[in-house]
Amino acid sequence: RKEVEQDPGPFNVPEGATVAFNCTYSNSASQSFFWYRQDCRKEPKLLMSVYSSGNEDGRFTAQLNRASQYISLLIRDSKLSDSATYLCVVNTGRRALTFGSGTRLQVQP
Amino acid sequence: EPEVTQTPSHQVTQMGQEVILRCVPISNHLYFYWYRQILGQKVEFLVSFYNNEISEKSEIFDDQFSVERPDGSNFTLKIRSTKLEDSAMYFCASSLSTGYNEKLFFGSGTQLSVL
């Protein structure tokens, strides 16, 4: 089983749509969780950390379910500029980040 | 916002040649990392570095790879004898500490092409 697993997509959605991405991780000892965004051929950029209580940053909401080892990201009111690959990232306690392969989002006008 | 700087942005080399990828981490950061991303694949951890020594490395980071902090500002990744499969984007990152929620700052990467 992959350490961090994501649906590769692509998710093609119209502007203004709500879209959700999911991610599962295999190591139950994982300590911290993140969503990163990566534009084509660019570096990953931190979008938000994910906490057990769930957290929101503007149009973005992240949830963590430790029992199911499942992380989600919800994007409301999608913008063209949200088009990117969204990377689920887990700190497994080895102090190195483990990246998922990413979910590609294409927001269309 | 402070930046991690990487040079060169593109490096083309012949198989078997040595390459050195350079990074200038954020000035007050203490922890440094190299990651790589083969085209179409996920970002993979290579090595972390603290206090002038390797703190952790992955199975990818074999004897062909080495890292160095030659002065107070640069952090380098050397590949001794490049192979075709070393072709990838190499990202340097730095952080202030290694708390579990510590933010890593990534550089814009060096695209290495081995011919």
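Coordinates for the structure precede this section.
Residues numbered from 1 in each chain as written. Chains lettered and ligands numbered in written order. Predicted model: local features only at pLDDT ≥ 70, side-chain atom pairs only at ≥ 80, totals over all residues. Heavy atoms only, no water.

Caption draft 1: Region of the structure containing the sheet that holds strand β1 (residues 5-7) of chain B. Residue and element names in this part refer to chain B. If you trace the four strands from one edge of the open sheet to the other, you get β1-β3-β8-β7, paired in antiparallel fashion. The outermost strands of the open sheet, each flanked by one partner alone, are β1 and β7 (65-68). In this sheet, neighbouring strand axes are inclined to one another by 20° on average, regardless of whether the strands run parallel or antiparallel. (Pairing = 2+ DSSP bridges. Helix = DSSP H or I, 4+ residues; strand = E, 2+ residues; numbered from the N terminus. Axes fitted to C-alpha atoms, helices over the stretch in contact; angles between N-to-C directions.)

Caption draft 2: Here's a closer look at the nonpolar core. Counting 24 residues, the largest nonpolar core has B:W34, B:L46, B:F61, B:V67, B:F75, B:L77 and B:Y90 as the members making the most contacts within it. Of all the secondary-structure elements, those providing two or more residues to this core are β3 (19-24), β4 (31-37), β5 (43-50), β7, β8 (75-79), β9 (88-95) and β11 (110-114) of chain B. Core analysis: the second largest hydrophobic core is formed by 23 residues, A:V4, A:A17, A:A62 and A:L73 among them. (Core = buried A, V, L, I, M, F, W, Y, C linked by side-chain atoms within 4.5 Å. Buried < 20%, exposed > 50% of the residue type's maximum accessible area, 1.4 Å probe, protein only.)

Caption draft 3: Just the interface of chain B and chain A, in detail. Contact residues are listed per partner, giving 19 residues for chain B and 21 residues for chain A. Summed over both sides, the interface of chain B with chain A buries roughly 1800 Å², with 54% coming from carbon and sulfur. At the surface where chain B touches chain A, the tally comes to zero salt bridges. On inspection of chain B and its partner chain A, the count reaches three residue pairs in polar contact (both at pLDDT 80 or more). Residue assignment for the side of chain B that touches chain A shows that the elements contributing at least two residues are β4, β5 and β9 of chain B. With three residues, the single largest contributor to the side of chain B that touches chain A is β4(B). Grouping the constituent residues of the side of chain B that touches chain A by class yields 10 nonpolar, six polar and three charged. (Contact = heavy atoms within 4.5 Å. Buried area = accessible area lost by both parts, 1.4 Å probe. Salt bridge = Lys/Arg side-chain N within 4 Å of Asp/Glu carboxyl O. Polar contact = N/O pair within 3.5 Å; in protein donor to acceptor, adjacent residues only side chain to side chain. Nonpolar A, V, L, I, M, F, W, Y, C, P; charged D, E, K, R; others polar.)

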